[in-house]
Amino acid sequence: MSDTITTRTYSADAKSRDVRPRESERDETQQDETQVCPECSGHLVTDEEHGETICEDCGLVVEDTVVDRGPEWRAFDSAERDSKSRVGAPTTKMMHDKGLSTNIGWQNKDAYGKSLSPRQREQMQRLRTWNERFRTRDSKERNLKQALGEIDRMASALGLPENVRETASVIYRRALNDDLLPGRSIEGVATSALYASARMAGTPRSLDELEKVSRVDKMELTRTYRYIVRELKLEIKPADPEQYVPRFASELGLSDEAERQARQLLRDAKETGIHSGKSPVGLAAAAVYAAALLTNEKVTQSEVSTVADISEVTIRNRYKELLEVQDGTLLA
Amino acid sequence: MTDPKDTINIENVVASTGIGQELDLQSVAMDLEGADYDPEQFPGLVYRTQEPKSAALIFRSGKIVCTGAKSTDDVHESLEIVFDKLRELQIPVDDDPEITVQNIVTSADLGENLNLNAIAIGLGLENIEYEPEQFPGLVYRLDEPSVVALLFGSGKLVITGGKQPTDAEAAVDVIISRLSELGLLNGSF
């Protein structure tokens, strides 16, 4: 019994694998179709209301029956949408099987909601076991499953949004496909992928923050990060201190005025170039501290230091440099 | 303004050589005065020469690494001293074992502050490594000469990986011309 089921899952999965490359090819050809008028090469616009595609320049109607690709049903609340929609969630890179495989429910109930008999229950348990084994067939898939779980866990702990998780997952997949994993830990590569994607999305997290939620130490994280960036040619720009400002300011409960002032301090600093070689986190922390003082808001160095994970000494040093720059620009 | 090439200073030269036969480091350590040998800490025997100042690491296989010297001549001189000492211990050493310089570390100063962020983007992010959160210097790997340069915000730089003393000069030339092309140097050279 279990044999027939397992073969079916296998072939279904294999078929969906075959389809995928073809799908992506079709996507490309669709993008290649240029939207120009066949008569005068003018710009084409789609008139949604009348279902027509017309040329903006000569008025030629290129297509008069546009296919509405949206759902044919209407829903007025989310419960109705759930009951009427016939499709599942979109595929995502954040799951090792892209969310395409089927799970056997855990409730032990049949389609009518009745509890299963003990015999059927046992059978379902065996089927679940086999289903799980076939969902993750080789070591690479098991590896991916664990890593993507890690990425999701860390991203949640750091409050990183969906797009960052998705990018991190893609970076990890690339690393796995390029055989960068042997010799490095799954956790290390997953953490560096997340760090890199947070930087790419413009919402950087400091290494200290990542280290707290990760299972690897900073040394391994930085080493793996540099390796991944070099091998995958990710070309990540140095983090901009300004990107840390809003987070620190809101955690300290500062006003918009102080936040604006902090950004201004950093911009002045960047113009004079005193930021080169300095940690962006430290600069951001000092700018936030300096801005709070300039706008008469009460924060202590130790508060800033806890929020930003930067020592008070660093804050004092950077703060002095930032104010010197500001005095310079005011005098000039 | 001083020419950055005048500020080039060799900080360390590492060279390797060998005497072609295995050594019993324990007995060498007993007989050789001033030798440090602690196999639990480091498998090699460390022998320091004072004039010129350097350290020779002597290994069981008979290979010797000389480090800490300030010039290639110093390396040869201090290795000669080591060879003489070994000959005194009745260990046969060729007259002139081949000495290969493995690495030369050089420092230099461009004499002006650098905006590393701009340089990172100007030189192309694929050629450099700049992570101010991890290390304040910018790592620039040159193809010709094949050395690695660390550029710092103060304008000082460290060049490592060179095999000849001239590599450092060539590297400084390349760096200056690349930075001037990008308009990132204000200096008069």
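For every chain, the first residue of the written sequence is number 1, and numbering continues from 1 onward in sequence order. All chains are assigned letters beginning with A, and all ligands numbers beginning with 1, in the order in which they are written. Per-residue local features of the predicted model are confined to residues with pLDDT of at least 70, and side-chain atom pairs are confined, for both listing and counting, to 80 or more; whole-chain, interface and lining totals are unaffected and use all residues. Remark: hydrogens and water are excluded; side-chain values derive from all non-hydrogen atoms of the structure.

1. Remarks on the packing of helix H4 (residues 139-158) of chain A against helix H6 (residues 186-200) of chain A
All names here are of chain A. Lines fitted to C-alpha atoms define the axes here, with helix axes fitted over just the stretch in contact, and angles between the N-to-C directions of these axes take values from 0 to 180 degrees. Only DSSP runs of H or I reaching four residues or more are called helices, and only runs of E reaching two or more are called strands; each is numbered from the N terminus. One can describe the packing of H4 onto H6 by two numbers: an axis separation of 9 Å at closest approach and a directional angle of 50°. As judged from the angle between their axes, H4 and H6 are oblique. Note on packing geometry: the crossing formed by H4 with H6 is right-handed. For the pair H4 and H6, contact is made by Asn 143, Gln 146, Ala 147, Glu 150, Ile 151, Met 154, Ala 155 and Leu 158 and by Ile 186, Glu 187, Ala 190, Thr 191 and Leu 194, respectively. Three residue categories are used. Nonpolar comprises Ala, Val, Leu, Ile, Met, Phe, Trp, Tyr, Cys and Pro, charged comprises Asp, Glu, Lys and Arg, and polar comprises the others, including Gly. Tallied by class, the residues present in the contact of H4 with H6 amount to eight nonpolar, three polar and two charged. Working rule for angles: under 35 degrees goes down as roughly parallel, over 145 as roughly antiparallel, 65 to 115 as roughly perpendicular, anything else as oblique. Should the near helix be turned anticlockwise from the far one by less than a right angle, the crossing is left-handed, and should it be turned clockwise, the crossing is right-handed. Whether two residues are in contact is decided by their heavy atoms: any pair within 4.5 Å suffices.

2. Some points on the environment of Asp 64 of chain A
All names here are of chain A. Along the chain, Asp 64 turns up in the loop between strand S3 (61-63) and helix H2 (78-84). Along the backbone, Asp 64 and Ala 175 are 111 residues apart, and their C-alpha atoms lie at a distance of 47 Å. Excluding anything up to four places from it in sequence, Asp 64 contacts His 50, Gly 51 and Glu 52.

3. Section: the interface of chain A and chain B
With 22 residues of chain A in contact, the opposing surface of chain B contributes 17 residues. Two parts lose some accessible area (1.4 Å probe) when they are put together, and adding that loss for both gives the buried area. With both sides pooled, the region where chain A packs onto chain B buries about 1600 Å², and carbon together with sulfur makes up 52% of that total. Salt bridges are defined as contacts in which a side-chain nitrogen from Lys or Arg sits within 4 Å of a carboxyl oxygen from Asp or Glu. The tally of links from chain A across to chain B stands at three salt bridges. In this structure, the salt-bridge partner of Arg 230 of chain A is Glu 129 of chain B, at a minimum N-O distance of 3.5 Å. Two N or O atoms count as a polar contact when they lie within 3.5 Å, although within protein this holds only if one can serve as hydrogen donor and the other as acceptor, and sequence-adjacent residues are included solely when both atoms are side-chain atoms. Where chain A meets chain B, there are nine residue pairs in polar contact (both at pLDDT 80 or more). For the side of chain A that touches chain B, the element with the most residues is helix H8 (residues 218-232) of chain A, which contributes four residues. Considering only residue class, the side of chain A that touches chain B consists of eight nonpolar, seven polar and seven charged.

4. Observations concerning the pattern of salt bridges
Under the counting rule described, the total for this entry stands at 27 salt bridges over all chains. Each of the salt bridges in this network shares a partner with another, and the network as a whole consists of Asp 240, Glu 242, Glu 259, Arg 263, Arg 267 and Lys 270 of chain A.

5. Section: the domain arrangement of chain A
All names here are of chain A. As far as domains go, chain A holds domain 1 (139-232) and domain 2 (241-327). On the side of domain 2, five residues touch domain 1, which itself brings seven residues to the contact. Of the roughly 620 Å² buried between domain 1 and domain 2 on both sides combined, carbon and sulfur atoms contribute 43%. Our count for the domain 1 to domain 2 interface comes out at two salt bridges. Between Lys 212 and Asp 309 there is a salt bridge whose closest N-O contact spans 2.7 Å. The tally of links from domain 1 across to domain 2 stands at three residue pairs in polar contact (both at pLDDT 80 or more). For the side of domain 1 that touches domain 2, the per-class residue count stands at one nonpolar, two polar and four charged. Where each domain begins and ends is defined by an automated method or by a domain database.

6. So, the sheet that holds strand S2 (residues 52-55) of chain A
Residues and elements named next belong to chain A. On the basis of which strands lie adjacent, the open sheet formed by three strands has the order S1-S2-S3 and antiparallel pairing. The outermost strands of the open sheet, each flanked by one partner alone, are strand S1 (44-47) and S3. If you compare each strand with its neighbour and ignore which way they point, the axes differ by 35° on average. The criterion for strand pairing is that DSSP finds at least two bridges linking the strands in question. Relative to S3, S2 is paired through two bridges, and the arrangement is antiparallel. Each residue of the ladder has a partner; that of Ile 54, found in S3, is Val 61.

7. Let's talk about the UniProt feature "binding site: Zn(2+)" in chain A
All names here are of chain A. UniProt positions are given in the numbering used here, feature names are shortened, and annotations may be inferred rather than shown by experiment. As annotated by UniProt and renumbered to match this structure, "binding site: Zn(2+)" occupies Cys 37, Cys 40, Cys 55 and Cys 58. For the annotated residues, spread through 22 residues, the largest C-alpha to C-alpha distance comes to 8.6 Å, consistent with a single compact locus. Contact partners of Cys 55, with chain neighbours within four places excluded, come to Cys 37, Cys 40, Gly 42, His 43, Leu 44 and Leu 60. Apart from the residues lying within four places of it in its own chain, the contact partners of Cys 58 are Cys 37 and Cys 40.

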